[in-house]
Structure formats: structure tokens, C-alpha cells
Amino acid sequence: MAEKKTFYITTPIYYPSGDLHIGHTYTTVASDSICRFKKLLGYDAYFLTGTDEHGQKIQQSAEEAGKDPQTFVDEATVTIKALWEKLDIDYDQYIRTTDPEHIKTVQAIFKQLYDQGDIYKGQYEGAYCTPCESFWTDGQLVDGKCPDCHREVQQASEEAYFLKLSNYADRLLKHIEENPDFITPESRKNEMINNFIKPGLQDLCVSRTSFNWGVPVSFDPGHVVYVWIDALPNYISALGYRNDKPQLMDKYWPADIHMVGKDIIRFHTIYWPILLMAAGLPLPKKVYGHGWILLKGGKMSKSVGNVVDPVVLADKYGVDALRYHVLREMTFGSDGIYNEDLLVSHINADLANDLGNLLSRTVAMTVKYFEGTIPEKRTGGDFDEDLQALALQTPKSVAEAMELPDCSKALEHIWKLVSRANKYIDENTPWLLIKEEDKHPLLANVMYHLTETLRMVAVLLQPFLPQTGSAILEQLEVPETAQTWESLQSFGRYPEGVTVVRHDPLFPRVELPKKEKEEKKKAPAPKKQPTSQDQGEGKITIDDFAAVEMKVAEVLSCDQHPDADRLLVFQLDLGSEKRQIVSGIAEHYQSSDLIGKKVIVVTNLKPVNLRGVRSDGMILCATKGKKLTVLTVDDPEMKVGAKVS
Ligand code: MSP
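None of the values given here were measured: they were computed from a predicted structure. The residue numbering used here restarts from 1 in each chain and proceeds along that chain's sequence as written. Only residues with pLDDT of at least 70 get local features here, since the model is predicted, and only at 80 or more are side-chain atom pairs given and counted; chain-wide, interface and lining totals rely on the full set of residues. Neither water nor hydrogens contribute to the side-chain values; these are computed over all heavy atoms in the structure.

## Description of the pattern of salt bridges
The condition is simple: Definition used for salt bridges: Asp or Glu carboxyl oxygen within 4 Å of a side-chain nitrogen of Lys or Arg. Counting from the N terminus, the helices are DSSP H or I runs at least four residues long and the strands are E runs at least two residues long. The cut-offs for exposure are 20% and 50% of the maximum accessible area for each residue type, with area from a 1.4 Å probe on protein chains only; residues under the lower value are buried, those over the upper are exposed, and the others partly exposed.
What the rule picks out here adds up to 33 salt bridges. Put simply, Lys245 and Asp99 hold a salt bridge, and the shortest N to O gap is 3.9 Å. Remark: Asp99 occurs in the loop between β3 (93–96) and α4 (100–115) and Lys245 occurs in the loop between α8 (234–237) and α9 (249–252); sequence separation between them is 146 residues. For Lys245, a relative accessible area of 15% puts it in the buried group. Residues Arg208 and Glu158 are paired through a salt bridge, measuring 3.2 Å at the closest nitrogen-oxygen approach. On the criterion of sequence distance, the pair formed by Arg208 in strand β9 (residues 207–208) and Glu158 in strand β6 (residues 154–163) is long-range, its members being 50 residues apart. The buried category is assigned to Arg208, whose relative accessible area is 4%. Salt bridges here are not isolated pairs; linked through shared partners, they connect Asp32, Arg36 and Arg323.

In C-alpha cells, the structure reads:
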């Protein structure tokens, strides 16, 4: 039998000096999803994470906590591991830089580089930023402060060992230029070349004597190894490089991806490759520098007191909602914004409305129309081909996105399929098919297509939202043989004769956070601008009217609001985008009455939340007394997106 292809992915090892926030969560959730996806593809994939436990910063944090550093890091590690367990992070190894085996590796590399003349002893005179654990020359400081975190630096003057980075600069540049994927995305590559390598690499100070919480230099124990030179080799010490751990170097090295935040890409694309070249080892295939999760006001920081705790969010909204939010929000290499409103709207719109409804409608109809078991006798329908084509294309598109890797894009592809399946329900109107006996085979066919699409969605979702993927597969009773990557290569692997059972909704809709709602209520009403009406004319100008943007939209689906009898929740197609609008017309229309109709929508109203469901616009109606009619457009030439003026 052919051996499985291997795949090795790492996260940075985290400093255990403060609680991890939602930003840290992103790297680990993304790496976990990427690794799970590779496993689905059939790879022998290995995922490493861990903690970076040495250095001046940790020693200071331990002192502040009144603990010895070892006790401090032991306790912090327990908390970090618990966080990963809570978030369903399925790592293969957790490395700690205080592991004796790791220390052995670091000492062996340091000694080798010293023996071969890449490391030499000298005197360090310059600035050191303890929070960033970075050395800086005076020329690199910005207004005398750390160029990375803008905090005060300390002047350091001590005997130290240095690594001759310049010995390897040309080889490194050549490697980066010849391997376009080595630093991803491209923008980060240019930054490294132009700002660091081309101006000339200064020799790097690689030992400290002013504190002792670190790996001692084996042949000069007054020195401890600089924390980055201690931390970076974790990626190979974990694989047993020059230590007694299980020997995995041959199997997994070089790493396929080091996932790192943009702030530490320099360490991974300059110091780390040079260390590896000096040690005679191949370089990792890709260093992926992702963006940061920011708050509206900027960076999250403990000192500002605005850190967002992932444990609190996971408890409040569920693990998969949190995973979905960070994965979807962080588009390829760019920064993403965290705010609770956005998280809630991801839950209500994408998870509860799109995915949750697709599942609950499909299962509810299968139970109602066929007592849970779709009959074998089926006949093809008009819209099948389109749905099947997208269902077969989606695994390919997801795999392509994951090559980058871009989890946000991958999820976008899965959601396109979910939307297509929801549209397929509306195109086929199962509630009408049931009324005509001779249409029942067609109805069975519709239900089969929906169930099969959901199977494919669930298999694809598992790496990203493991609990949700499994819950759908379980609810649909999908056998293991229909949960593989291979099973996604053809449409129709959902077995005949399976009985589905209704469960609780996957994602109940959530209300906006209370605090924000109260703040909105308290906020003073905006000052009214004088209008032409105020000036006594009772009329508006053409400019006033032009400020209202109206378009033709098609009703894709319509559901009863979960918490308000009066309200209907519409999904609308505006041509260039889809919209959700909540409208108070339930007294006048049934959910299915307007599906497929073209209506007129005000598109530039500020979105509001109506009983916890986001409404982004308004559907125009005419009223007379108690009678209400939604304004519709009959002309088939008038396509969705047409402007109303
Ligand atoms: N210990 C070093 C890494 C050594 S790897 C050999 C370190 N640790 S850290 O705990 O400060 O950061 C770990 C990771 O979290 C980094 O990749 C960093 O970019 C990432 N993030 C920290 N804040 C972040 C956000 N707000 N958003 C996304 N990632 C963020 O650096």
C-alpha cells in the first residue's frame, strides 16, 4: 500500500504571561481547521502547538505574581491547555520550552553554531524591549521607543554571544526569491526583503546575562540563550531533533506551514531560516503571516483593559459560533475586526438562518411528508442539475482555498452551497408538491437532493466547525463511508432508506448583547436637520428624494420570526448581494405567499435588529385602512437590482 502523504503544521508557541485573548485564538483555530482538513483529504497530518516559557518577560511576570517561574508557567500551561480543549483544538503534540528534551536540542544547536564559527562572543551595547523580547539598534528606534510596540526600551550593556546573520543573507534572499510561497502573503515578503534583508542584516545578540530564566549556554552557563533562539527550535525539538523524543524528523520535516501573526514574521523568515541553514537543515515550505484581530478602537491590550476573553464568548455563544466568527472574519492575510454585534449577526444570519434553517426545514419536511424516510422512487426535477453541479464543485473550491490556506474563502464556498440549497427549496415549493399526488415522486427527489447536499456540507464543515458538522451527520444518520473526501466526488452517496429524526435547532438565534442595547437606548436622539418640510412648504426637494435608494429584489425565502408573531424574516436577492429584511406584515401574508415575487426595497436604511434578528432595509407596501399590499414588479424585463426612481 502506498504511504500516506504527510503534512506538518505549527502555531507559534504562546507566552504564558497573560491570559490568551480572542486574537491568539485565531491562529490556533485556523491551524486546527487546516490540519483537520488535510486529515479529511487523507494526509498523515501532524499539528504542533505549545508554550514559550523562558525569558525576561516571564521571569518578571512570575515575580509580580509572587511565584517562582516554574510554578508560574506550570499553572499558566494548565489554563492554556484547557482553553484549547474547550475550543476543540485537536493538536498532536503540546511542546513546552521548559521540557528537558527541548533544552537539549537548543543547547546542541547553539554549541554546533559556536564550534563552526557562526556564533561568537562579544559585547552588547544597545536597546532591549522586554515585552517584545527584541534587540534594537539606536537607528531602528522610533522616537527612542520600540518600533514594534512603541513602549520604552531598556539600555543593555552586557557580554553576549552573537549570531553572524550576514553569513547567510545572500542564501536567504535567494531562497525567498526562488520559492515564492515561502513567505505568504506576498506583501509580507516584500516587507522582509526591503525593510530588513536588503538594508543589511546586523549580527544578532543571542545570549543574555542580566537574568537567568532561560536555557543555559552549555559551555558558558553564566549566559542564557536569547528567548527567540530558544523558542524557534521548538518546531524541530518536538520531532526529536538531537534529543531522545520519538524520532519524527524524517517523517515531518520540513514543516509545510508555520502559521504566525504578522508581528512575528520577521523572526520566522529571517532568524529561523538562518538558524536552520547554519544547522544544515532544510527550510520550512511556507511561513503564513496572518493579520490581526482588532477592536474598533485598535489593538487589544491588557493595559488598556479591552481584551476579549474567548472562554467567556465560547460559554455565551458556543464553541462553533466563536470558531466560525474568527475564521470567517479573518480574510486572507488581512486584519479582521472583532465586535460582539458582528459575532451575533454571524450567528443569526449565517448559522441560524442559512445553515440552521436549511437543516431544520429539510428534516421537518422529510418527517412531515415521508415520516422521516425518503422513498426510493424518485424522478428528476428542473433545478437538480444546477444544485448538483455546485455541490460537486464546492469540495474543489474549498480545497483550492485551503491550499493558500484561506479558511474564510473556504467557508464562503460552503455557504454559497447552503444558499443554493435554500433557493432550491423555494424553486421547488415542496409545500405545493405535497398537495398533488402525482408530484410526490418529484417531492421525494427534492428531499433527497436537499439531504444529500446537507451531507456534503456537513462533511466539508467538520474541519472548521467539528461539533456542527458531526451534529448534522448524526441527525441525518450518515454512515461513515459517506463521510470521507472520496464520498464528495459524486452526488448521491446518501444511502436509501435512512430515517431522519428532528433535533433541537443547531444555532438558536441570539439577542443583541444587553449592554449595547441599553447604550443604544440611552444615546441621545440625533439632532434633526432642518428640512424643507420644516420650512413650512410641506414638500421635499428632489435631493431629499434622491437620498433614498430603492431597488427591485426577489424574495428567496420567508420565515416566521422566531420571537414575534407579527414579523416575517425575508431573504432577498438584490443581484449584486443578498439581504435579510424583517417586515411586520405577518398578519397579511403567509410565509410562502411572496416567494419568487419581485418587490421594492429601500436599500440604504441603517440596519436594525428587530427582536434579535438583523434587518437590513425595508420592503415597500401600500396601505389603506386595515388592508396592506406589498408592492411588486411584474415586468419580467425588470431584473433584480434594477433601480427604482
Ligand atoms: N512566543 C512568541 C512566539 C514564538 S514562536 C517560536 C509569541 N507569543 S505571543 O503569545 O505573544 O503571540 C502568539 C501569536 O498570537 C502570534 O502569532 C501573534 O501574532 C498572535 N496574536 C497576538 N495577538 C493577536 C491578535 N489580536 N490577532 C491575531 N493574532 C494575534 O509571539
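## Some thoughts on the site of the ligand
Rules: Residue proximity to a molecule or strand is established when one non-hydrogen atom of the residue lies within 4 Å of it. Nitrogen and oxygen atoms within 3.5 Å of one another constitute a polar contact, given that in protein one can donate a hydrogen and the other can accept it, and given that sequence-neighbouring residues count only through two side-chain atoms. Here the Shrake-Rupley method, with its probe set to 1.4 Å, supplies the accessible areas, and only the displayed protein chains count as covering residues. Gly counts as polar in this scheme, as do all residues outside two lists: the nonpolar Ala, Val, Leu, Ile, Met, Phe, Trp, Tyr, Cys and Pro, and the charged Asp, Glu, Lys and Arg.
Taken together, 22 residues surround the ligand, and among them Ile13, Asp52, Gly261, Asp263 and Ile293 come closest. Within the side chain of Asp52, a nitrogen or oxygen atom sits 2.7 Å from a nitrogen atom of the ligand. Within the contact set of the ligand, an oxygen atom lies 2.4 Å away from a side-chain nitrogen or oxygen of Asp263. Bound to the protein, the ligand loses 95% of the 670 Å² it would expose on its own. Those elements giving two or more residues to the shell around the ligand turn out to be α1 (22–41), α7 (227–231), α8 and β11 (257–261). Taken together, the residues of the shell around the ligand sort by class into 12 nonpolar, eight polar and two charged.

## Remarks on helix α5 (residues 169–178)
Here is the rule we go by: Each C-beta atom gives one direction from the helix axis, and the arc is the one those directions make. Contact definition: two residues touch when any of their heavy atoms are within 4.5 Å.
Of all the positions in α5, only Ala169, Leu172, Leu173 and Ile176 are classed as buried. Buried positions in α5, seen along its axis, are confined to an arc of 100° and lie on one side of it. Facing away from the buried surface of α5 by more than 90 degrees, the exposed residues are Asp170, Lys174 and Glu178. Buried residues along α5 sit against β7 (183–184), α6 (186–197) and α10 (265–279).

## Some remarks on the pairing of strand β12 (residues 287–290)
As a reminder of what qualifies: Should DSSP find at least two bridges between two strands, the strands are regarded as paired.
Neither face of β12 is left uncovered, since the one carrying Val287 and Gly289 and the one carrying Tyr288 and His290 both have all their residues buried. Two elements, β7 and β12, share two bridges in a ladder whose sense is parallel. The residue bridging Ile183 from the neighbouring strand is Val287, located in β12. Direction of pairing for β11 relative to β12: parallel, over a ladder of four bridges.

## Observations concerning the sheet that holds strand β5 (residues 134–136)
Within the open sheet, the four strands sit side by side as β5-β4-β6-β8. Their pairing is antiparallel. Either end of the sheet is taken by a strand with one partner, and the two such strands are β5 and β8 (204–205).

## Notes on helix α12 (residues 319–329)
It helps to recall that an α-helix has 3.6 residues per turn; residues three or four apart then point in one direction. Counting buried positions along α12 gives 10 out of 11 residues, so the element sits mostly inside the fold. Within α12 the residues assigned to the buried category are Val319, Asp320, Ala321, Leu322, Arg323, Tyr324, His325, Val326, Leu327 and Arg328.

## Observations regarding the domain arrangement of the chain
Note: interface size is frequently given as the accessible area lost on complex formation between the parts. Put simply, the test is: In this document the domain limits rely on a domain assignment from an automatic tool or a database.
Looking at the chain, the domain boundaries give domain 1 (1–98 + 291–337), domain 2 (339–489) and domain 3 (548–644). Once you take the C-alpha centre of each, domain 1 and domain 3 turn out to be 42 Å apart.

## Observations concerning the packing of α5 against α6
Convention followed: Each axis is a line fitted through C-alpha atoms, taken for helices only over the stretch in contact, and angles between the N-to-C directions span 0 to 180 degrees. For classification purposes, angles smaller than 35 degrees are called roughly parallel, those larger than 145 roughly antiparallel, those between 65 and 115 roughly perpendicular, and all remaining angles oblique. Should the near helix be turned counterclockwise from the far one by less than a right angle, the crossing is left-handed, whereas a clockwise turn marks it as right-handed.
Two elements in contact, α5 and α6, have axes separated by 11 Å at closest approach and are oriented at 160°. Classified by the angle between their axes, α5 and α6 sit roughly antiparallel to one another. Where α5 crosses over α6, the handedness of that crossing is left-handed. Facing α5, whose interface residues are Ala169, Leu172, Leu173 and Ile176, α6 presents Lys189, Ile193 and Ile197.

## Brief notes about the pairing of β6
Of the strand pairs in this sheet, strand β4 (residues 119–129) and β6 are connected by 10 bridges, and their pairing is antiparallel. Each bridged residue has a counterpart across the sheet, and for Gln123 the counterpart in β6 is Glu159. Summarising the sheet, β6 and β8 pair through two bridges and their orientation is antiparallel. Paired with Leu163 across the bridge in β8 is Leu204.

## Some thoughts on the packing of helix α13 (residues 340–370) against helix α18 (residues 466–475)
Taken N-terminus to C-terminus, the directions of α13 and α18 make an angle of 10°; their axes are 12 Å apart at the nearest point. Relative to α18, the element α13 is oriented roughly parallel. Residues Leu355, Leu359 and Val363 of α13 lie in contact with α18, whose contacting residues are Thr468, Ile472 and Gln475. The residue inventory of the contact of α13 with α18, partitioned by class, reads four nonpolar, two polar and no charged.

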